[in-house]
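Below, each chain spelled out in residue letters.
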Amino acid sequence: MSDLFERSIVLATANPKKVTELRAIFAGIGLGVESLADLNTPTTEPDETGATFEQNATIKAVEYARQTGRLCLADDSGLAVDALGGAPGVISSHYCTDGVETGMTREERDAANNEKLLAELGDRAISERTARFVCVMVLASPDGNIHATTRGTFEGAIGPPGDVPRGTSGFGYDPLFLVAPELAQTSAELDAKTKNALSHRGEAARAMAETIAAMRGA
Ligand code: ITT
């Protein structure tokens, strides 16, 4: 096994909220991780031009591994709403501008994305508002080799206007996302530990940690 696997793994994301969630998940399973911000190597964000979560996670993992010379773990994630044919999907982070990068801050985008999603769903009944978060994680080395790909999902529904937004934890669409099966709390009302235990990111990360442990033991 290459020495790349003996060092800690770099979380290849520019989203600080994802770093917080991933650090907690991996700490709980004994895997050391660093973030891009912990490195002295300057990096530039790659364009996410893929049509699927897997393609975008691969682009990010391979490109950040190339830039840093380290084993990199990328997460591409998003929300898929059944009544909207799976939208916002891979453009979840820039849904408000139809996927176009316009220089808005993360907070501005999150607020505008949520407003657009509620408007698109209008007054549909709760049974017509089912949705899931999806996360695909890819582990890549600087030579472009893909070592592992894992996936996780988190089922729920987008609450109706008036009932949501609710809660202050998490990020992105969390204040709108009612967690299945009860549909009582939004994912922004869960404490960090509970969200990580249930979430798409938690599921993909636990599968990734098992794969990495098996590779290290090999
Ligand atoms: P990186 O590409 O740098 O990792 P990003 O935030 O741009 O950061 P993505 O391209 O994977 O990441 O887009 C993820 C978007 O999907 C995110 O901005 C949210 O809008 C949404 N999303 C993903 N996971 C979520 C979660 O756990 N809670 C709420 N919204 C989430």
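Data block above holds the structure.
Residues numbered from 1 in each chain as written. Predicted model: local features only at pLDDT ≥ 70, side-chain atom pairs only at ≥ 80, totals over all residues. Heavy atoms only, no water.

**Q** Can you explain the sheet that holds strand β4 (residues 130–140)? Please cite residues and give values.
**A** Taken together, the six strands give an open sheet; going across it, the order is β2-β1-β3-β4-β5-β6, and neighbouring strands pair in mixed fashion. Whereas interior strands pair on both sides, the edge strands pair on one side only; in this sheet they are β2 (33–35) and β6 (177–179). Averaged over all adjacent pairs, the angle separating strand axes in this sheet is 40 degrees, with direction ignored. Bridge count between strand β1 (residues 9–11) and β2: three bridges; the pairing is parallel. (Pairing = 2+ DSSP bridges. Helix = DSSP H or I, 4+ residues; strand = E, 2+ residues; numbered from the N terminus. Axes fitted to C-alpha atoms, helices over the stretch in contact; angles between N-to-C directions.)

**Q** Can you explain the pairing of strand β3 (residues 72–81)? Please cite residues and give values.
**A** Across the 10 residues that make up β3, a large majority, 10, are buried. Across the two faces of β3 the burial is the same, with Cys 72, Ala 74, Asp 76, Gly 78 and Ala 80 and Leu 73, Asp 75, Ser 77, Leu 79 and Val 81 all buried. Looking at chain direction, β1 and β3 are connected through two bridges and run parallel. For Leu 11, the partnering residue across the bridge sits in β3 and is Leu 73. In terms of strand pairing, β3 meets β4 through 10 bridges, oriented antiparallel. Paired with Leu 79 across the two strands is Phe 133, which belongs to β4. (Buried < 20%, exposed > 50% of the residue type's maximum accessible area, 1.4 Å probe, protein only.)

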